[in-house]
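In case you want the letters, here they are:
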Amino acid sequence: MAVLPAGHPSRPRARDRAIEAWLPLAHHLARRYSGRGTPSDDLMQTAAMGLIKALDKFDPSRGVDFAGYAIPTIVGELKRHFRDRTWDIRVPRRLQELRMGISQANEALLQSLGRSPTVADIAAYLQVTEEEVLEGLEGARAYNAVSLSTPIGDGTSGVELGDTLGGEDNELALAELRVALGPALATLDRRERTILTLRFYGNLTQSEIAEQIGVSQMHVSRLLSRALTKLRMRLVDAAC
């Protein structure tokens, strides 16, 4: 490939043969990153892409053999794959890189200090602020998400993580309405309040209400309609 000019008809074939010849190296490097939650096929494909990039950019005139150039290129492609594709929740690249830096600093400081490094130790090592280290540690939690189906406790209760999360409280939406309803009811006369109470709290029909208060069902219907109209007007005024 080095001696063939661009556009030469034999160059594509030479390129294909070079890829086939070095593909075992790419697969070998990909297997070193297996067992990290990424399918092996994805790793093989990523390593092959790194090999192709190395092959297309390789310049033999620099005096470096191809393996010495290809290995860092393929490994870099694999690391970028883990950095960009394997986070359960996407976070800014700055935080992804900071997480990797914190991990490396933690390993280095653990060896040199003989103890677990503090946030201040890591910040000094990376030459960043302690706030940035804390931000990176918080962002690292997005690397792996926990399923809502995860059992909690001793696992025998049948309670899952999702069961402990709060939901929408429909009663909360009615709280303000209930607060405003009291003064609005106070503006109704006694008979209107009685009819509303019997209808909506006693669950009586209009016929049953009519028998109980001694008026016709039609009159109960009119009184109920008038009382509800008053309430709506009062509640609208209160909201404004």
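Refer to the structure presented above.
Residues numbered from 1 in each chain as written. Predicted model: local features only at pLDDT ≥ 70, side-chain atom pairs only at ≥ 80, totals over all residues. Heavy atoms only, no water.

1. What to know about the overall build of the chain
Okay, step 1: Within the chain, the secondary structure is distributed over 11 helices and zero strands.
Okay, step 2: Going from the N terminus to the C terminus, the chain shows its helices and strands as α-α-α-α-α-α-α-α-α-α-α.
Okay, step 3: Across the 240 residues that make up the chain, the buried fraction comes to 25%.
Okay, step 4: In the chain, once contacts between residues fewer than 6 apart in sequence are set aside, the share between residues at least 24 apart is 48%.
Okay, step 5: Of the roughly 16,400 Å² that the chain leaves accessible, carbon and sulfur atoms contribute 53%. (Helix = DSSP H or I, 4+ residues; strand = E, 2+ residues; numbered from the N terminus. Buried < 20%, exposed > 50% of the residue type's maximum accessible area, 1.4 Å probe, protein only. Contact = heavy atoms within 4.5 Å. Areas by Shrake-Rupley, 256 points an atom, 1.4 Å probe, with all protein chains shown as cover.)

2. Some details on helix α9 (residues 190-200)
Okay, step 1: When α9 is considered as a whole, its buried residues turn out to be Glu 192, Ile 195, Leu 196 and Leu 198. All buried residues of α9 lie within an arc of 165° about the axis, which places them on one face of the element.
Okay, step 2: For α9, the side-chain oxygen to backbone nitrogen distance between the N-cap and Arg 191 is 3.2 Å, and the N-cap itself is Asp 189. (Arc of directions from axis to C-beta. Polar contact = N/O pair within 3.5 Å; in protein donor to acceptor, adjacent residues only side chain to side chain.)

3. Quick word on unusual backbone geometry
Okay, step 1: For Gln 127, which is not a glycine, the phi torsion comes out positive at approximately 60°.
Okay, step 2: Structurally, the position occupied by Gln 127 is in the loop between α5 (119-126) and α6 (130-140).
Okay, step 3: The phi dihedral of Asn 203 falls on the positive side, at around 55°, and the residue is not glycine.
Okay, step 4: With respect to the helices and strands, the residue Asn 203 is situated in the loop between α9 and α10 (206-213).

4. Digging into the packing of helix α1 (residues 11-31) against helix α2 (residues 40-57)
Okay, step 1: Two elements in contact, α1 and α2, have axes separated by 8 Å at closest approach and are oriented at 135°. One finds that α1 runs oblique with respect to α2. Seen from above, α1 lies across α2 with right-handed handedness. Contact with α1, carried on its side by Arg 15, Ala 18, Ile 19, Trp 22, Leu 23, Ala 26, His 27, Ala 30 and Arg 31, involves Leu 43, Met 44, Ala 47, Ala 48, Leu 51, Ile 52, Leu 55 and Asp 56 of α2 and no other residues of that element.
Okay, step 2: When its residues are assigned to classes, the contact of α1 with α2 shows 13 nonpolar, one polar and three charged. (Axes fitted to C-alpha atoms, helices over the stretch in contact; angles between N-to-C directions. Parallel < 35°, antiparallel > 145°, perpendicular 65-115°, else oblique. Left-handed = near helix turned anticlockwise from the far one by under 90°. Nonpolar A, V, L, I, M, F, W, Y, C, P; charged D, E, K, R; others polar.)

5. Describing the packing of α9 against α10
Okay, step 1: Orientation of α9 relative to α10, taken along the N-to-C sense of each, is 135°, at an axis distance of 10 Å. Comparing their axes, α10 and α9 come out oblique. As for the relative orientation of α9 and α10, their crossing is right-handed in sense. Facing Thr 194, Ile 195, Leu 198 and Arg 199 of α9, the residues of α10 in contact are Ile 209, Gln 212 and Ile 213.
Okay, step 2: In the contact of α9 with α10, the residues fall into four nonpolar, two polar and one charged.

6. Things to note about the pattern of salt bridges
Okay, step 1: The full count for this structure, using the stated rule, is six salt bridges.
Okay, step 2: Among the salt bridges present, the one from Arg 15 reaches Asp 56, with a minimum N-O distance of 2.9 Å. Here Asp 56 lies in helix α2 and Arg 15 lies in helix α1, a separation of 41 residues in the sequence.
Okay, step 3: The class of Asp 56 is partly exposed, set by a relative accessible area of 45%.
Okay, step 4: Note that Arg 226 and Glu 192 form a salt bridge whose closest N and O atoms lie 3.0 Å from each other. Linking Arg 226 in helix α11 (residues 217-239) with Glu 192 in helix α9, this pair joins segments that are 34 residues apart in sequence.
Okay, step 5: Judged by its relative accessible area of 40%, Arg 226 is partly exposed.
Okay, step 6: Among the ionic contacts, a cluster of salt bridges with common partners joins Glu 192, Arg 226 and Lys 230. (Salt bridge = Lys/Arg side-chain N within 4 Å of Asp/Glu carboxyl O.)

7. Remarks on the packing of aromatic side chains
Okay, step 1: Scanning the entire structure with this criterion turns up three aromatic pairs.
Okay, step 2: On the basis of an interplanar angle of 45° and a centroid distance of 5.8 Å, the ring pair of Phe 58 and Tyr 69 is categorised as tilted. Remark: Tyr 69 occurs in helix α3 (residues 66-85) and Phe 58 occurs in the loop between α2 and α3; sequence separation between them is 11 residues.
Okay, step 3: According to the relative accessible area criterion, Phe 58 is partly exposed, its value standing at 23%.
Okay, step 4: What makes Tyr 69 partly exposed here is its relative accessible area of 25%.
Okay, step 5: Aromatic ring contacts, followed pair by pair, group Trp 22, Phe 58, Phe 66 and Tyr 69 into a single cluster. (Phe/Tyr/Trp six-rings, centres within 6.5 Å; stacked < 30°, edge-to-face > 60°.)

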